[in-house]
Amino acid sequence: MVVFYVVLAIVLLIAIILFFMSVRVVKQFERGVVLRFGKLHRTRDPGLRFIIPIADVMHRVSLRIVTMPIQSQGIITRDNVSVGVSAVAYFRVVDPVKSVIAIQSVTEAIDQIAQTTLRKVVGQHSLDETLAETETLNVSIRQILDRQTLDWGVEVTLVELKDILLPDEMKRAMAKQAEAEREKRAKIIAAEGESLAAAALGAASDTMMEHPLALQLRNLQTLVEIGVDKNTLVVFPAPLMSTIGELGSFLARETTASVVHGGGADAAVASAAPSRPAAAPAIPDAA
């Protein structure tokens, strides 16, 4: 009787062990690839799944997108500039069977092929193209990786250049180039402004020639602007002084004509008319 119970306990223990060995849980984002005696048997969907212990081996394959950084590569561009380029790749398994049977380690294989592809693609472009056309480089690298990984059951969804390291000498040269370019644009803008200002001044001068009083009005406006700051110095432009002199001469001629032709009361008016100030006496030279 004791032997019976011992045998029964051993059988139950073996059954429990076999049960736990046969139970597999496949998660929602996974697929199970079952090999029976080393040969492909079937693919198991997510959920609680049972296999035959010892005979079956299940490989769980994740179908989620994997983020894989590509370490910095020392690359010589087409114009012989040494740069360090790092990137990041995103891929996912689309065929679990191929990813298990066709290749030993998908992640390691993609890492190596991504490094060589990055070096190859960047080496075919110049430094300016590498810095300015990153989108084109990303698409080229992804297409090459997609063709290489198609037989592995893997799809490369995205490749992005993450960092481009330049030598210090190249950074200084690019800074000088950018500064020279900005100075060039500043000089061009200043020259265009001078040209427009000259054209506007020419148009203004033509207007003043057609309307002489416009210049006098402009002079008066200038005096008003000077007087705003409460300056003790008042500047009379030369054209204004000549205009005042011409006005005085005109009044003197009119007064003389009135005296000659009118007489009487006109003479009184002529005597009351303002006369031009006498010239200041000359100062004798010092002996």
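These numbers were taken from a predicted model, which means no experiment stands behind them. (Residues numbered from 1 in each chain as written. Predicted model: local features only at pLDDT ≥ 70, side-chain atom pairs only at ≥ 80, totals over all residues. Heavy atoms only, no water.)

Caption draft 1: Inspection of the packing of helix α3 (residues 106-123) against helix α5 (residues 134-149) at higher detail. Two elements in contact, α3 and α5, have axes separated by 10 Å at closest approach and are oriented at 140 degrees. Taken together, the axes of α3 and α5 lie oblique to each other. Every pair of crossing elements has a handedness; the one defined by α3 and α5 is right-handed. Touching I110, I113, A114, T117, L118 and V121 of α3 are L137, S140, I141, I144, L145, Q148 and T149, all from α5. (Axes fitted to C-alpha atoms, helices over the stretch in contact; angles between N-to-C directions. Helix = DSSP H or I, 4+ residues; strand = E, 2+ residues; numbered from the N terminus. Parallel < 35°, antiparallel > 145°, perpendicular 65-115°, else oblique. Left-handed = near helix turned anticlockwise from the far one by under 90°. Contact = heavy atoms within 4.5 Å.)

Caption draft 2: Up close: the sheet that holds strand β8 (residues 154-165). Here 3 strands make up an open sheet; going across it, the order is β6-β7-β8 and the pairing antiparallel. The open sheet has two edge strands, β6 (66-76) and β8, and neither has a second partner. For this sheet the average axis-to-axis angle between neighbouring strands, irrespective of direction, equals 25 degrees. Pairing of strand β7 (residues 82-93) with β8 involves 10 bridges; the strand directions are antiparallel. In the sheet register, G84 faces β8, and the bridge partner there is L165. (Pairing = 2+ DSSP bridges.)

Caption draft 3: Examining the packing of aromatic side chains more closely. Per the stated rule, a full pass over the model turns up 2 aromatic pairs. With a centroid separation of 6.2 Å and 50 degrees between ring planes, the pair formed by F19 and F50 is classed as tilted. Note that F19 is positioned in helix α1 (residues 2-22) and F50 in strand β4 (residues 47-50), a separation of 31 residues in sequence. You can call F19 partly exposed: its relative accessible area is 43%. (Phe/Tyr/Trp six-rings, centres within 6.5 Å; stacked < 30°, edge-to-face > 60°. Buried < 20%, exposed > 50% of the residue type's maximum accessible area, 1.4 Å probe, protein only.)

Caption draft 4: Summary view of the pattern of salt bridges. According to the stated counting rule, one finds 4 salt bridges in the structure shown. Its salt-bridge partner being D56, residue R36 comes within 2.7 Å of it at the nearest N-O pair. With R36 in strand β2 (residues 30-36) and D56 in strand β5 (residues 56-62), this residue pair connects regions lying 20 residues apart in the sequence. For R36, a relative accessible area of 29% corresponds to the partly exposed category. Classification of D56 by relative accessible area gives buried; the value is 7%. In this structure, the salt-bridge partner of R78 is E129, at a minimum N-O distance of 3.3 Å. Residue R78 is found in the loop between β6 and β7, and its partner E129 is found in helix α4 (residues 127-132); the two are separated by 51 residues along the sequence. The exposure class of R78 is exposed, given its relative accessible area of 52%. (Salt bridge = Lys/Arg side-chain N within 4 Å of Asp/Glu carboxyl O.)

None of the figures reported here should be taken as evidence of function without further support.
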